[in-house]
Amino acid sequence: MNVRGSLVYALAFAFFVAVALPLDRETSAVEQSVLGLTAWVFLFIALWLQSPAVRVQVAVLVVLATFLEIVGSIAWGAYRYRLENLPLYVPAGHGLFYLAALRVASLPLLERHARRIVIAVTVGATFWMVYGLARPPLPDLLGFVTWAIFLRFIVRGRFPLLYAVSFAMTTALELYGTGLGIWRWAPVLPGLMLPAGNPPTGIGAGYAAMDALTRRIVGRLRTRRADVPGLAEAV
């Protein structure tokens, strides 16, 4: 996918989110499932245009993110979706989001100004975190913890520009989704008794961590399947 294709995809993804989330506010479970199917169709078309390596990388992240959604939302209750389920569009949405972050971070214009962008996002994230700590009624301690994780990836991670881009995108998506009431974070995390904002200010660190884990999983798949003819190239 070239620069123009990356821009078109990023704009298409932003348009899809801008339209789909407001539609979900009034849907029944069945209607929500239909909306979810459109997200999967979008993902399949988008992946069809990518290289096999990117397809595998995105697919692994979708599996990983879906597992974390089940644990974090359904089992733990750190946050809940409007119908207290896992909407069908959420797993596909993770793939669409991750692919958008990969494509945006690869744009030559951003790569030329990578250092400035990383610094600007990090400074903005820090101010946002401090605001969360001072915001009533409870300090956003989860935001502080996740901000610290983000800082670790920015300083020591392999792809700081990708982490900065995904942090900014996640923050915007979280503010949009929680503002519409599509999902809501628990004021205090069950079991941990850790106060959290709605959304937590540092939650954008999640994609940095998932990207690192996804690449590790894909790397191990390549290593284990290198001796299988035709399979190593696909992974």
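Here the structure is a predicted model, which is why all the values come from computation and not from measurement. (Residues numbered from 1 in each chain as written. Predicted model: local features only at pLDDT ≥ 70, side-chain atom pairs only at ≥ 80, totals over all residues. Heavy atoms only, no water.)

**Examining the nonpolar core**
One recurring pattern in soluble globular proteins: nonpolar side chains tend to sit buried together.
Here's step 1: Counting residues in hydrophobic clusters, the biggest one holds 51 residues, and the most contacted among them are Tyr9, Phe13 and Val58.
Here's step 2: For this core, the secondary structure elements donating two or more residues are helix H1 (3-24), helix H2 (29-48), helix H3 (52-75), strand S1 (79-81), helix H4 (89-105), helix H8 (160-180), strand S2 (183-185) and helix H9 (205-225).
Here's step 3: Top element by residues in this core is H4. It accounts for 12 residues.
Here's step 4: Counting residues in each nonpolar core, the second largest holds 13 residues, with Ala125, Met129, Ala164 and Ala208 among its members. (Core = buried A, V, L, I, M, F, W, Y, C linked by side-chain atoms within 4.5 Å. Buried < 20%, exposed > 50% of the residue type's maximum accessible area, 1.4 Å probe, protein only. Helix = DSSP H or I, 4+ residues; strand = E, 2+ residues; numbered from the N terminus.)

**Observations regarding the packing of H3 against H9**
Here's step 1: The contact between H3 and H9 brings their axes to 9 Å, and the two run at 120°. Regarding the angle of H3 to H9, the classification is oblique. The hand of the H3/H9 crossing is right-handed. Contacts between H3 and H9 involve Ala53, Val56, Gln57, Val60, Leu61, Leu64, Ala65 and Leu68 from the former and Tyr207, Met210, Asp211, Leu213, Thr214, Arg215, Ile217, Val218, Leu221 and Arg222 from the latter.
Here's step 2: Among the residues making up the contact of H3 with H9, the classes are represented as 13 nonpolar, 2 polar and 3 charged. (Axes fitted to C-alpha atoms, helices over the stretch in contact; angles between N-to-C directions. Parallel < 35°, antiparallel > 145°, perpendicular 65-115°, else oblique. Left-handed = near helix turned anticlockwise from the far one by under 90°. Contact = heavy atoms within 4.5 Å. Nonpolar A, V, L, I, M, F, W, Y, C, P; charged D, E, K, R; others polar.)

**Focus: unusual backbone geometry**
For residues besides glycine, phi is generally negative; the peptide bonds are generally trans as well.
Here's step 1: Residue Pro137 is reached from Pro136 by a cis peptide bond, and omega for that bond is 5°.
Here's step 2: Topologically, Pro137 is positioned in the loop between helix H6 (114-134) and helix H7 (141-156).
Here's step 3: In this structure, the amide linkage connecting Asn198 to the following residue, Pro199, adopts the cis form with an omega of 10°.
Here's step 4: Locating Pro199 in the fold gives a position in the loop between strand S4 (194-195) and H9.
Here's step 5: Here Met193, not a glycine, exhibits a phi torsion of approximately 55°, which is positive.
Here's step 6: For Met193, the position within the fold is in the loop between strand S3 (188-189) and S4.

**Regarding the side chain of Thr66**
Here's step 1: With respect to the helices and strands, the residue Thr66 is situated in helix H3.
Here's step 2: Setting aside residues up to four positions removed in sequence, Thr66 forms contacts with Leu86 and Pro91.

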